[in-house]
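Summary of structural features
Chain residues, written in single-letter form:
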Protein chains: 2
Amino acid sequence: MQGYDKYAYEPFAVTVDLAVFTIREGRLHVLLVERGEQPYAGRRALPGGFVRPDEAAEAAARRELAEETGLADVAGLHLEQLRTYSEPDRDPRMRIVSVAFTALVPDAPEAQAGSDAARADWLPYGEHRPSYAPLAFDHDRILADAHERVGAKLEYTGLATAFCPPEFTLGELRQVYQAVWGAELDPANFRRKVLATPGLVEAVPGAARLTGGRGKPAALYRAGDAAALHPPLLRPEGRP
Amino acid sequence: MQGYDKYAYEPFAVTVDLAVFTIREGRLHVLLVERGEQPYAGRRALPGGFVRPDEAAEAAARRELAEETGLADVAGLHLEQLRTYSEPDRDPRMRIVSVAFTALVPDAPEAQAGSDAARADWLPYGEHRPSYAPLAFDHDRILADAHERVGAKLEYTGLATAFCPPEFTLGELRQVYQAVWGAELDPANFRRKVLATPGLVEAVPGAARLTGGRGKPAALYRAGDAAALHPPLLRPEGRP
DNA sequence: GCAAAAGTGTTATAGATACACCCATGG
DNA sequence: CCATGGGTGTATCTATAACACTTTTGC
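In the nomenclature of an unreviewed UniProt entry, chain A is known as NUDIX domain-containing protein of Streptomyces solicavernae.

See the structure below:
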């Protein structure tokens, strides 16, 4: 161990926090738990938990994602590191360094309350808490950072398809952009843009499906293999 | 402490690693140390160190940046969290979670060897190690991630000015882009693009300076206040 | 038939690209 | 006077935005 003393310092605890988003009825929703214990008992918070001694933060995040969403095939879900929050006073109990992740979930079954949570719910982003009840710890900031990151990544990656089921219509894909950006997009121009971007989506030949119950059935597409979009699909009006 | 036992687990150590870039003679350079101790003694590595019990990772990173570069006014330098590396076996000694940062430095005085390093040097990126001698730990990956992140952020932020002294010419700014992207840019079009982007740079009235020792003296500019660039300044040929 | 959503067409404008060319300086 | 880098002009092409219009479905 070459002069190391593992116990010389007050130890750090390492946790993961998750900002899990989905689209429901054309609106962006976020998964929040209600804390059952002090501190912040009864307050809403991001799901999360401790990193175990032998697992990477990514593995811990995926484990928590499976527990809280109740989804079976968590392996294929989009999970991405956001950043790490390490202010010494961010948890009143002890020194906790938290690695935050953003996850994108296509369809949303009802949420499962995890071990330390009283309940877990999908809530519409923007109405997920009353103004007088901030989220626990620094989770308001983490959630805002996550939302901004997702919005930015929609511009220059194929990330939006991570919100969609395996086969989807261009109208559904457009709703993803509209829900995350909070802006209306011209269906005609959106369609052309998406189809002109190589690798964003690929057509499922012959397949079609009704979307809103009304209107012409829409052709189906699958997610493409492009990581980056050229040119990017910029949101209107610069950064909101 | 509500049922917590701080010492129940093998403790995590938390460190910071820094990918510090600068431009020298039109080429991108990275700051690397040579390790004096096992493991990886004699190998090059990113500068870094332990996060102290009462400081945030950002503070630790800035402290290490001051130590290794020997710069006085480290407060104004661009320092940005990259991501956190937490694979359980990334350090053979113990469980170390490392928060990686990217720093951008304008001019580059000679580097200072820190406490645990035999020496520290600015090395041209791409020739910073022989192919048979990878960097210590997972630092090759961290450095590659940092380079990609910087290249991407030049496209849609005013980050390039962080590599420049307080007053700079558009030729110098263009060299930043060229050095990071490894691509030639048309001076005329670059100039127009930069000046057309609101908030990227602002002119210093009347000031001019020779750059290459030859040619017409160039007007001087200061960094603007824009965080995001609209429209973005995309690198040629998509992602390299 | 009417409303709603998919899909096509058209035009105007803005931005990018590729060059030609002039300007001011050191040697 | 020439090499070098700064700076302007301009033609061409491509991307975007705004909108009119047609198609196919459920009610």
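For the rest of this paragraph, the subject is the protein's contact with DNA strand D. In the region of DNA strand D, 23 residues are neighbours, and A:Asn189, A:Lys193, B:Arg191, B:Gly215 and B:Lys216 sit closest. Of all DNA strand D atoms lying within 4 Å of any protein atom, the proportion belonging to sugar or phosphate reaches 62%. Within the side chain of B:Arg192, one N or O atom sits 2.9 Å away from a base oxygen of DNA strand D. Looking at the surface near DNA strand D, the elements with two or more residues in it are α4 (187–196) of chain A together with α3 (170–181), α4 (187–196) and β9 (218–223) of chain B. Counting residues per element, the surface near DNA strand D draws most heavily on α4(A), which supplies four residues. For the surface near DNA strand D, a count of residues per class yields eight nonpolar, six polar and nine charged.

Considering the arrangement of structural elements, one finds B:Ala66 in helix α1 (residues 57–69). Along the primary structure B:Ala66 and B:Gln112 are separated by 46 residues, whereas in three dimensions their C-alpha atoms are 9.4 Å apart.

This part is about the pattern of salt bridges. Residues and elements named next belong to chain A. This model, assessed by the stated rule, comprises 36 salt bridges over all chains. Measuring nitrogen to oxygen at the nearest pair gives 2.7 Å for the salt bridge that ties Glu127 to Arg27. Of this pair, Glu127 sits in the loop between β7 (117–124) and α2 (139–156) while Arg27 is found in strand β2 (residues 27–35), placing the two residues 100 residues apart along the sequence. Given the relative accessible area of 53%, Glu127 is considered exposed. By relative accessible area, which is 37% here, Arg27 ends up partly exposed. Taking the shortest distance from any N to any O, the salt bridge between Glu155 and Arg235 comes out at 3.4 Å. Taken as a pair, Glu155 in helix α2 and Arg235 in the segment after β9 (218–223) lie far apart in primary sequence, 80 residues in all. According to the relative accessible area criterion, Arg235 is buried, its value standing at 7%. Through salt bridges with shared partners, a single network forms among Glu55, Arg63, Glu64 and Glu67.

Glancing now at empty space enclosed by the protein. All names here are of chain B. Throughout the structure, instances matching the rule amount to one cavity of 30 Å³ or more. Put simply, the largest cavity is a space of about 30 Å³. As for the largest cavity, its lining consists of His78, Glu80, Thr102, Leu104, Arg149, Val150, Lys153 and Leu159. Only β5 (78–85), β6 (96–105) and α2 (139–156) provide two or more residues apiece to the lining of the largest cavity. Along the lines of polarity and charge, the residues of the lining of the largest cavity split into three nonpolar, two polar and three charged.

All names here are of chain B. With respect to the helices, strands and loops of the structure, Thr22 is situated in strand β1 (residues 13–24). Since its relative accessible area comes to 0%, Thr22 is described here as buried. Here Val105 takes part through its backbone oxygen, which lies 2.7 Å from a polar atom of the side chain of Thr22. Leaving out residues up to four positions away in the same chain, Thr22 has contacts with Arg27, Leu28, His29, Val105, Pro106, Asp107, Ala108, Trp122 and Phe163.

Each value, and the rule that gives it
- Residues numbered from 1 in each chain as written.
- Chains lettered and ligands numbered in written order.
- Predicted model: local features only at pLDDT ≥ 70, side-chain atom pairs only at ≥ 80, totals over all residues.
- Heavy atoms only, no water.
- Near = heavy atom within 4 Å.
- Polar contact = N/O pair within 3.5 Å; in protein donor to acceptor, adjacent residues only side chain to side chain.
- Helix = DSSP H or I, 4+ residues; strand = E, 2+ residues; numbered from the N terminus.
- Nonpolar A, V, L, I, M, F, W, Y, C, P; charged D, E, K, R; others polar.
- Salt bridge = Lys/Arg side-chain N within 4 Å of Asp/Glu carboxyl O.
- Buried < 20%, exposed > 50% of the residue type's maximum accessible area, 1.4 Å probe, protein only.
- 1 Å grid on protein atoms, 1.4 Å probe; cavity = no way out; pocket = protein on both sides within 12 Å on 5 of 7 lines; lining within 4 Å.
- Points joined across faces, edges and corners; volume = space filled by probe spheres on them.
- Contact = heavy atoms within 4.5 Å.

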